[in-house]
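Understanding the architecture of this molecule
Here is what each chain is made of, one letter per residue.
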Amino acid sequence: MSDDLAPVIGILERLVGFDTISDRTNRHLIEYVADYLSAHDVPFITFPDRDGLKSGLIAKIGPDEQGGIVLSGHTDVVPVKGQTWTAEPWVLTRRDDKYFGRGACDMKGFLALALAAVPQLIVTPLQRPVILAFSFDEEIGCLGTKPLIEALDAFCPRAGAVIVGEPTEMGVVTSHKGAVGLRTTVTGKAAHSSCPDRGVSAIAHAASLIDWHTREMAQAKAVASDDDYAAPYTTLQVGTIHGGIAINTVPANCVFESDIRFLPSETAERWIETYRREVDEVERAMRSVHSEAGIAVEITENVPAMRVEVDSAAESLARRLTGDRSIRLESYQTEAGHFQAAGYSTVICGPGSIDQAHKPDEFISIAELQKGRQFIDALIETLA
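A brief structural summary. (Residues numbered from 1 in each chain as written. Predicted model: local features only at pLDDT ≥ 70, side-chain atom pairs only at ≥ 80, totals over all residues. Heavy atoms only, no water.)

Thoughts on the packing of aromatic side chains
Worth spelling out the cut-off: To pair, rings of Phe, Tyr and Trp, with the six-membered ring standing in for Trp, must have centres within 6.5 Å; the planes then decide the type, stacked if under 30 degrees apart, edge-to-face if over 60, and tilted in the middle. Secondary structure counts use DSSP, requiring at least four H or I residues in a row for a helix and at least two E residues in a row for a strand, with both numbered from the N terminus. We call a residue buried when its accessible area falls under 20% of the maximum for its residue type, exposed when it is over 50%, and partly exposed in between, using a 1.4 Å probe and counting protein chains only. Placement of a charge over a ring requires the Lys NZ or Arg CZ to be within 6 Å of the ring centre, with the centre-to-atom vector within 35 degrees of the ring normal.
If you walk through the whole model with that rule in mind, you get 6 aromatic pairs. Where phenylalanine 47 meets phenylalanine 136, the ring centres are 6.0 Å apart and the plane angle is 45 degrees; that geometry is what we call tilted. Taken together, the residues span a long stretch of sequence, with phenylalanine 47 in strand E1 (residues 44–48) and phenylalanine 136 in the loop between strand E6 (130–135) and helix H5 (145–155) at a distance of 89 residues. With respect to class, phenylalanine 47 is no different from phenylalanine 136; both count as buried. Their ring planes at 85 degrees and their centres at 6.1 Å tell us that phenylalanine 339 and tyrosine 344 sit as a pair that is edge-to-face. Phenylalanine 339 gets classed as buried once you look at its relative accessible area, which sits at 0%. The class for tyrosine 344 is buried, based on a relative accessible area of 3%. Among the aromatic side chains, those forming a connected cluster through ring pairs are Trp212, Trp271 and Tyr275. Over the ring of phenylalanine 363 we find lysine 98, and its NZ or CZ is 5.3 Å from the ring centre.

Observations regarding the sheet that holds strand E16 (residues 346–348)
What counts here: Here a strand pair is declared whenever DSSP counts at least two bridges between the two strands. Note on method: axes are straight lines fitted to C-alpha atoms, helices fitted across the in-contact stretch only, with angles between N-to-C directions ranging 0 to 180 degrees. Contacts are assigned to residue pairs that have any heavy atoms within 4.5 Å of one another.
Spatial ordering of the open sheet is given by E1-E2-E6-E3-E7-E16, a layout of 6 strands whose pairing is mixed. With partners counted over all chains shown, the strands left at the sheet margins are E1 and E16, one partner each. Geometrically, the sheet is characterised by an average inter-axis angle of 20 degrees between neighbouring strands, direction not taken into account. The pairing of E1 with strand E2 (residues 55–61) spans 5 bridges and is classified as antiparallel. Counted as the bridge partner of proline 48 is serine 55 from E2. In the packing of helix H3 (residues 104–116) onto the sheet, the strands contacted are strand E3 (69–74), E6 and strand E7 (161–164), and the crossing angle to E3 comes to about 145 degrees. Lying over the sheet, helix H8 (residues 313–322) contacts E3, E7 and E16, oriented at roughly 40 degrees with respect to E16.

What about the nonpolar core?
Spelled out, the test is: Remark: nonpolar core denotes a set of buried residues (Ala, Val, Leu, Ile, Met, Phe, Trp, Tyr, Cys) joined through side-chain atoms within 4.5 Å.
Core analysis: the biggest nonpolar cluster contains 58 residues, and Leu15, Val33, Leu37, Leu71, Leu115, Leu132 and Leu369 have the highest contact counts within it. For leucine 132, the contacting residues outside a window of four places in its chain are Leu37, Leu57, Ile58, Ala59, Leu71, Ala114, Leu115 and Val118. Within the second largest apolar cluster, 24 residues are counted, among which are Trp212, Ile260, Tyr275 and Val282.

Examining the pattern of salt bridges
The condition is simple: When a carboxyl oxygen of Asp or Glu lies within 4 Å of a side-chain nitrogen of Lys or Arg, that pair is called a salt bridge.
Summed over the entire model, instances satisfying the criterion amount to 18 salt bridges. With a shortest N-O distance of 3.5 Å, aspartate 97 and lysine 98 are connected by a salt bridge. Aspartate 97 sits in the partly exposed class, given a relative accessible area of 41%. Close ionic contact of arginine 183 with glutamate 257 constitutes a salt bridge, the shortest N to O distance being 3.0 Å.

Here's the deal with the packing of helix H1 (residues 6–17) against helix H2 (residues 27–39)
To keep things clear, this is the line we draw: Small angles under 35 degrees read as roughly parallel and large ones over 145 as roughly antiparallel, with 65 to 115 read as roughly perpendicular and the rest as oblique. Should the near helix be turned counterclockwise from the far one by less than a right angle, the crossing is left-handed, whereas a clockwise turn marks it as right-handed. Amino acids outside the nonpolar list (Ala, Val, Leu, Ile, Met, Phe, Trp, Tyr, Cys, Pro) and the charged list (Asp, Glu, Lys, Arg) are all regarded as polar, and Gly is one of them.
Where H1 contacts H2, the two axes come as close as 9 Å, and the packing angle between them is 150 degrees. It follows from the interaxial angle that H1 and H2 lie roughly antiparallel. Relative to H2, the crossing made by H1 is right-handed. The segment H1 lies against H2, with Ile11, Arg14 and Leu15 engaging Leu29, Tyr32, Val33 and Tyr36. Taken together, the residues of the contact of H1 with H2 sort by class into 6 nonpolar, no polar and 1 charged.

Observations regarding the sheet that holds strand E11 (residues 235–243)
The strand order across the open sheet built from 4 strands is E11-E13-E9-E14, with neighbouring strands paired in antiparallel fashion. With one partner strand each, in any of the chains shown, E11 and strand E14 (294–303) form the two edges of the open sheet. For this sheet, the mean inter-axis angle between neighbouring strands, taken without regard to orientation, is 15 degrees. Packed onto the sheet, helix H7 (residues 268–287) meets strand E9 (178–187), E11, strand E13 (253–262) and E14 and runs at close to 170 degrees relative to E14.

Section: helix H10 (residues 366–383)
For clarity, the threshold we go by: One less than the residue count of a helix, multiplied by 1.5 Å, gives the span that helix is expected to have.
Helix length check: H10, at 18 residues, gives a terminal C-alpha distance of 26 Å against a target of 26 Å (1.5 Å per residue), a fit within 8%. Among the residues making up H10, those that are buried are Ile366, Glu368, Leu369, Gly372, Arg373, Phe375, Ile376, Leu379, Ile380 and Leu383.

Comments concerning the pairing of E9
Summarising burial for E9: 7 of the 10 residues are buried, a large majority. Pairing analysis gives 10 bridges linking E9 to E13, with the strands arranged antiparallel. From the neighbouring strand, glycine 181 faces E13, where its bridge partner is aspartate 259.

Some remarks on the state of the cysteines
What counts here: Here, two cysteine sulfur atoms that lie within 2.5 Å of each other are counted as a disulfide.
Enumeration according to the criterion identifies 0 disulfides in this entry. Cysteine 349 carries a free sulfur, and the closest cysteine sulfur to it, the one in cysteine 105, is 13 Å from it.

Considerations on the environment of threonine 46
Summarising the element assignment, threonine 46 is placed in strand E1. For threonine 46, a relative accessible area of 42% puts it in the partly exposed group. For threonine 46, the contacting residues outside a window of four places in its chain are Ile30, Gly56 and Leu57.

Observations concerning the packing of H8 against H10
Running from N to C, H8 and H10 cross one another at 115 degrees; their axes reach a closest spacing of 9 Å. Crossing of H8 against H10: the hand is right-handed. The residues of H10 that touch H8, namely those facing Leu317, Ala318, Arg320, Leu321 and Thr322, are Phe375, Ala378, Leu379 and Thr382.

Right, dumping it as structure tokens:
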């Protein structure tokens, strides 16, 4: 390990040590960051989630001027349950040229790089501020992004660019798909399986709606354009389903969760409206048999797509700092879409490979951390 990465590794070790799975609090991690910033006399604010169980943080280093650069990242990580790890998930472990641990890549490596740069930032005569923006609940639908942006707007003059440090191997990503999460609850009428016509099968009618997802994706795929997305069409899939109580009972209840990843040329509203029309048709068929049957649809997440910007300040800056000129459009979702929807010029660029995210034995390589450190150094030089 080179000497210039020692502070990064020390901070990353602390960050990985905090179990910040999305269904748990992240306040211990935020308290650590707050103490670190206080020790360097960096002004910051924290803000809670709706239930007061989690916190986000905004810090500003440099002059109180517009046009600053936001380094944004989420503090939550995905679960490790059911995965086979050969390293302890909550202990940063080095093997050869890699550091293993949950979140090391996605995306505590980027947070560690940003925090490790604080001593250099505070002694540099910055012409524009560097703003650290750390969120919660990104992994469960970017639920913490709206309060993050509200806190950012209240605490700092308007920034000129946002860099979301998701793992891109320090490549520049300028667009990603949007996402709609749906939870559909189908309520039918129970009956003995020997007389199924006396009931309304919630599972059978749920199956009709599940088939809608399959048919819609097939239609989208049939007219897909040849562009730079891995899947150049809107994708739809059902991830969970629960229903019924016994093999000899017509099921009265079925709940399933589905996911729509739409192209930036489309909107969440269009897909939600299209699905609700299908739901209404199925519900009418159910109620023709039993008036109290019905279907409820809950929107569990709604993440805006990130579109390619014209004359993008964030893209121009990231390309200048990295030298990357490739075109990269991604199918996954990030907080970048929310920043862009709020009027911020936004790009995605961070250390590590997305191929490591969410997997057992997640890791980030020393080479990626070094590239990230070079990026931060170049940014500081640009702002001085």
